[in-house]
Amino acid sequence: MEIKTINAALCAKMFLGGAKNLEANKEWINELNVFPVPDGDTGTNMTLTITSAAKEVASLENPEMEPLCKAISSGSLRGARGNSGVILSQLLRGFTKGIKKYDEIDAPILAEAFEKAVETAYKAVMKPKEGTILTVARGMAEKASELAQEGVELEEMLEAIVAEGDAVLARTPEMLPVLKEAGVVDSGGQGLMQVIKGALDVFKGKEVEYTVEKKSTGVSVSQAQIEEKEIKFGYCTEFIILLEKPMSEETEHDFKEFLMSIGDSIVLVADEDIVKVHVHTNDPGKAISRALTYGALSRMKIDNMREEHHEKLIKDAEKLAAQQAEEEKKKEPKKECGFISVSIGEGIGEIFKGLGVDCLIEGGQTMNPSTEDMLSAIDKVNADHVFIFPNNKNVILAANQAKALTKDKKIFVIPTKTVPQGITAVINYNPERTPEENEAAMLEEIQHVKTGEVTYAVRDTHIDDKEIHEGDYMGIGDHSILSVGKKLSDVTKDMLAAMADDDTELISIYYGADIDEETANKLGNEIMELYSGCDVEIYSGGQPIYYYVISVE
């Protein structure tokens, strides 16, 4: 039977189908990233964004259109991560604005909602680029409008919209030279197409199950103490027996009976060659001794469950103390200005704390913080004016989205694209100035900071006129890849040579989690010799994935 309209129940199923399809293809979308860096990127960010909304949608029983639209819009806005995730959330926000007043969606309403989606998303981006997710969305909206005027039915319209989206996506390399050079289509556009295709599959009858993970309520200190006392058998014991001969049913039964006599939570799975064993017991040695009579042991694992509970007890107490400290902080008189910074390593976090930053958000390059993370941090900072330093170009839109959602404090998002820019911005805060004067000063000073980051390539590609092979070291500047090679120190120094000039006065080196202090100091000494007229400072950044983050001022 031909479906002429989409009601709230079907709309919810289609949205969940789109979310599921995006999630299934996220790694493939990540691989379309222009720079071959080992970051969680477009596919991950878009999936986490839509999953935030999907959980809210899946929890609705017998959904009606307006509550459904609120769940999609609010969930995606708060869960938005990275530029692609924020743009997706704005597309969804605009789309839901176009449908929320209707009980059922027909072709003209669908076309109107597509137009509203594109209009909302374009407004959210300061300088929209063609050849991106925005272009793909606009192409589909224009096709929807054209078909609605022709009186086309829904299924034909949806199939034609998908075909047009694929056609526009295929043309994105012609619009953005960097895509053409890397030999990929736009990853954000591809992510959007997976959402639309998943929705179309459901419209055409595909059944999709979307499971909502229940949120953990946490365990209080008293509960943890009770649970620890109730642990009858303290050691979780697992191993595989490599059988000398197949285990008979009788032997298997006897072994299981033995395990039950010394413990509980028994799992015993026997095959011709191996037996997988799991048991909670107070005497792992007995289980192991008996198992050795049947063959050699492999993959042995013994965990002290009482110790795990004890550690949980400590963590819960620390969490409770931190929550109480936060509550006490809120009772203090408000400061005029507070600071939030995104941080990517223990050492860098300590630097920001030392500079007076009130709240750190762990994330950045390897996992972009969400709008919800930003809102939570804003709530914790007891100040009338709050400065946010995203320290990553892919986090700025989420910070701006949090700013738009905050009503009780004035938020200043300083668009720092790197950690060194963030450090420079904080250093230039002057309590004698007004917040607006500080904003202007910070914006001015971060323009003088050049940043380079050294990491490794996860795939072969050609970009910025450089042939890159999987495993190569890469020195990435503010706008392009500056150096590539097989030796880390050479790539780092070549990158720095491309950044420094006659006006350079200060070189700051932040070494990552995979670099030891001796190696970092050796490189620092070599750089001091090469740039004897500059101050060279070396810090333990502790950042993952990036061996060195280097700034030039």
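See above for the structure.
A brief report on the enclosed structure follows. (Residues numbered from 1 in each chain as written. Predicted model: local features only at pLDDT ≥ 70, side-chain atom pairs only at ≥ 80, totals over all residues. Heavy atoms only, no water.)

## A word on the overall build of the chain
Helix and strand counts for the chain stand at 21 helices and 18 strands. A principal-axis box enclosing the C-alpha atoms of the chain has dimensions of 75 × 75 × 55 Å. In the chain, which comprises 553 residues, the share counted as buried stands at 50%. Long-range contacts, defined as pairs at least 24 residues apart, comprise 71% of the intrachain contacts of the chain with a sequence gap of at least 6. For the chain, the accessible area works out to roughly 27400 Å², and carbon and sulfur atoms hold 48% of it. Put simply, the chain has 59 plus and 97 minus side-chain charges, and the middle of one group is 4 Å from the middle of the other. (Helix = DSSP H or I, 4+ residues; strand = E, 2+ residues; numbered from the N terminus. Buried < 20%, exposed > 50% of the residue type's maximum accessible area, 1.4 Å probe, protein only. Contact = heavy atoms within 4.5 Å. Areas by Shrake-Rupley, 256 points an atom, 1.4 Å probe, with all protein chains shown as cover. Lys, Arg positive; Asp, Glu negative; His and termini not counted. Charge placed at Lys NZ, Arg CZ, Asp CG, Glu CD.)

## A closer look at a negative patch on the surface
On the surface, a cluster of negative charge is contributed by Asp 502, Asp 503, Glu 505, Asp 535, Glu 537 and Glu 553. Mapped onto the fold, Asp 535 is located in strand S17 (residues 535-540). By relative accessible area, which is 52% here, Asp 535 ends up exposed. (Patch = residues over 30% accessible without salt bridge, like charges linked within 9 Å, V, L, I, M, F, W, Y side chains within 5 Å. Salt bridge = Lys/Arg side-chain N within 4 Å of Asp/Glu carboxyl O.)

## A word on the nonpolar core
In terms of nonpolar packing, the biggest core is built from 74 residues, with Phe 15, Ile 99, Phe 114, Met 157 and Leu 192 touching the most fellow members. In terms of residue count, helix H6 (residues 107-124) provides more of this core than any other element does, ten residues in total. Apart from the residues lying within four places of it in its own chain, the contact partners of Ile 99 are Cys 11, Met 65, Cys 69, Ile 105, Ile 109 and Ala 113. Counting residues in hydrophobic clusters, the runner-up holds 21 residues, among them Leu 488, Val 491, Ala 500 and Leu 523. (Core = buried A, V, L, I, M, F, W, Y, C linked by side-chain atoms within 4.5 Å.)

## Describing the pattern of salt bridges
Per the counting criterion, the structure on display carries 21 salt bridges. Between Glu 174 and Lys 180 there is a salt bridge, with its nearest N and O atoms 3.4 Å apart. For the pair shown, Glu 174 and Lys 180 are each scored as exposed. A cluster of three or more residues bridged by salt bridges with shared partners is formed by Glu 238, Lys 276, Lys 301 and Asp 303.

## Let's talk about the environment of Pro 544
Mapped onto the elements, Pro 544 comes out in the loop between S17 and strand S18 (548-552). Separated by 31 residues in the primary sequence, Pro 544 and Ala 513 have C-alpha atoms spaced 5.5 Å apart.

## Brief notes about the sheet that holds strand S16 (residues 506-511)
Hydrogen bonding along the main chain pairs the strands of a sheet, whether they run parallel or antiparallel. As summarised here, the arrangement of the six strands in space is S15-S14-S11-S18-S16-S17, forming an open sheet in which the pairing is mixed. In the strand order of this sheet, the two ends are held by strand S15 (481-485) and S17, each with one partner. Along the sheet, successive strands turn relative to each other by an average axial angle of 15°, direction set aside. Looking at chain direction, S16 and S17 are connected through six bridges and run parallel. (Pairing = 2+ DSSP bridges. Axes fitted to C-alpha atoms, helices over the stretch in contact; angles between N-to-C directions.)

## Regarding helix H12 (residues 249-262)
Look at H12: 20 Å from first C-alpha to last across 14 residues, which is about the 20 Å you get at 1.5 Å a residue. Among the residues of H12, those classed as buried are Phe 255, Phe 258, Leu 259 and Ile 262. Relative to the axis of H12, the buried residues are bounded by an arc of 100° and lie together on one face. Opposite its buried face, H12 presents the exposed residues Glu 249, Glu 250 and Ser 261, each directed more than 90 degrees away. Buried residues belonging to H12 abut strand S3 (235-243), strand S4 (263-270), strand S5 (274-281) and helix H13 (284-292). (Expected span 1.5 Å × (residues − 1). Arc of directions from axis to C-beta.)

## Observations concerning the packing of aromatic side chains
Counting across every chain of the model gives ten aromatic pairs. Taken together, a centroid distance of 5.5 Å and an interplanar angle of 75° make the contact between Tyr 473 and Tyr 547 edge-to-face. Linking Tyr 473 in strand S14 (residues 473-476) with Tyr 547 in the loop between S17 and S18, this pair joins segments that are 74 residues apart in sequence. Tyr 473 sits in the partly exposed class, given a relative accessible area of 21%. (Phe/Tyr/Trp six-rings, centres within 6.5 Å; stacked < 30°, edge-to-face > 60°.)

## Some points on the sheet that holds strand S8 (residues 359-362)
Ordered in space as S8-S7-S9-S10, the four strands form an open sheet in which the pairing is parallel. The open sheet has two edge strands with one neighbour each: S8 and strand S10 (410-413). On average, adjacent strands in this sheet sit at an angle of 20° to one another, irrespective of strand direction. Contacts between helix H16 (residues 371-380) and the sheet are confined to strand S7 (335-343), S8, strand S9 (383-389) and S10, with S8 contributing the most and set at about 165° to the helix.

## A short note on the packing of helix H1 (residues 8-24) against helix H4 (residues 65-79)
Remark: H1 packs on H4, axes separated minimally by 9 Å, with the N-to-C direction vectors making an angle of 20°. Put simply, H1 runs roughly parallel to H4. Both H1 and H4 take part in a crossing whose hand is left-handed. For the pair H1 and H4, contact is made by Ala 8, Cys 11, Ala 12 and Phe 15 and by Met 65, Leu 68 and Ile 72, respectively. Split by residue class, the contact of H1 with H4 holds seven nonpolar, no polar and no charged. (Parallel < 35°, antiparallel > 145°, perpendicular 65-115°, else oblique. Left-handed = near helix turned anticlockwise from the far one by under 90°. Nonpolar A, V, L, I, M, F, W, Y, C, P; charged D, E, K, R; others polar.)

## A short note on H16
Turning to H16, its buried residues are Thr 371, Met 374, Leu 375, Ala 377 and Ile 378. Angularly, the buried residues of H16 cover 160° about the axis, an arc narrow enough to put them on a single face. Looking at the buried positions of H16, the neighbouring elements they touch are H4, S7, S8, S9, helix H17 (396-405) and S10.

## Side note on unusual backbone geometry
You will see that Arg 299, though not glycine, has its phi angle at about 50°, which is positive. Tracing the chain through its elements places Arg 299 in strand S6 (residues 295-304). The phi angle at Ile 545 is positive, at roughly 70°, despite the residue not being glycine. On the secondary structure map, Ile 545 appears in the loop between S17 and S18. Look at Ile 545 and you get buried, because its relative accessible area is 19%.

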